[in-house]
Amino acid sequence: VTQYTQTHFRLDGIFLGLLLSYIYNFNPEKLEFIIKHRVILVSASTLFLISEFILERQDHLWEAVVMPAVNPLVFAVFIISALNTNKLKSNFIGYIGQQSYGIYLWHFIFVYYMGYFVTKTKMSVNTYSDIIYGMSFKTFFILYLITYFVLSIATGILFTKLIETRVLKIRDKLYPSRANNIISEKA
């Protein structure tokens, strides 16, 4: 697990995010190819992402080697497409975006423990029609995904409200922004 969580193993994704931000703000024309072909690219990216939920990292070279390198590119396609699609610019998406850091921090707990549950019960699945816990694997998989997303988002939002928002208010009282002081001095 450490090779997937330590910062120095994730610098490619951090750098790509910084690069995308720079290009989006200063050279947006360089993103035209992705915007023009976003339907195909988002579809391909979705297929790559789905493999994360189907294949075990320790059992598949694809998941262990290729996907950690491809993941930043997959999410870059999603981000660029979302930024350039008016239909996605809604209050809900904006709200989730504001809560995204808390969701990111807490989602791994659900990945780990739900994966532990699946592994511990020693489920062996050969086809999507195999029966697990009285339901088809396909139904089980859909419930797994829904549960993962709901728990990750709800927990991230809860802890953002309980901890981060309150700590930021204390920080702002103790250490007010210099930008606010400069603005009030000029007025």
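Residues numbered from 1 in each chain as written. Predicted model: local features only at pLDDT ≥ 70, side-chain atom pairs only at ≥ 80, totals over all residues. Heavy atoms only, no water.

Trainee: For this particular structure, what's the right way to read helix α7 (residues 137-174)?
Mentor: Residues spaced three or four apart along an α-helix point in a common direction, a consequence of the helix completing one turn every 3.6 residues. Spanning 38 residues, α7 covers 53 Å between terminal C-alpha atoms, matching the ideal 56 Å at 1.5 Å per step. If you look at α7, its biggest bend is around 40°, right at Thr 160. Burial in α7 covers these residues: Phe 137, Phe 140, Phe 141, Tyr 144, Tyr 148, Ser 152, Thr 155, Gly 156, Ile 157 and Thr 160. (Helix = DSSP H or I, 4+ residues; strand = E, 2+ residues; numbered from the N terminus. Expected span 1.5 Å × (residues − 1). Bend = angle between axes of the 7 residues up to and from the residue. Buried < 20%, exposed > 50% of the residue type's maximum accessible area, 1.4 Å probe, protein only.)

Trainee: Teacher, can you tell me more about the packing of aromatic side chains here?
Mentor: Here a ring pair, both rings aromatic, is described through the centre-centre distance and the interplanar angle of the planes. Scanning the entire structure with this criterion turns up five aromatic pairs. Here Tyr 101 and Tyr 104 contribute two aromatic rings whose centre-to-centre distance is 6.2 Å and whose plane-to-plane angle is 35°, an arrangement assigned as tilted. On the criterion of helical spacing, the pair formed by Tyr 101 and Tyr 104 is a turn pair, its members being three residues apart in helix α6 (residues 91-120). (Phe/Tyr/Trp six-rings, centres within 6.5 Å; stacked < 30°, edge-to-face > 60°.)

Trainee: Honestly, the nonpolar core in this entry has me stumped. Any pointers?
Mentor: In a soluble, globular protein the nonpolar side chains are often hidden away together inside. Listed in full, the eight residues of the largest apolar core are Leu 16, Leu 20, Ile 23, Leu 31, Ile 34, Ile 35, Ala 76 and Ile 80. The set of elements that each furnish at least two residues to this core consists of α2 (11-26), α3 (32-36) and α5 (61-83). Element by element, the count of residues in this core is highest for α2, at three residues. Once you skip the residues sitting within four places of it in the chain, Ala 76 turns out to touch Leu 16 and Leu 20. (Core = buried A, V, L, I, M, F, W, Y, C linked by side-chain atoms within 4.5 Å. Contact = heavy atoms within 4.5 Å.)

Trainee: I keep staring at the environment of Met 67 and nothing clicks. Help me out?
Mentor: By the element assignment, Met 67 lies in helix α5. Take Met 67: its relative accessible area is 0%, and that puts it in the buried class. Between the C-alpha atom of Met 67 and that of Glu 52, which follows or precedes it by 15 residues, the distance is 7.7 Å. Those residues within four positions of Met 67 in sequence are excluded, and the remaining contacts are Phe 48, Leu 49, Ser 51, Glu 52 and Trp 62.

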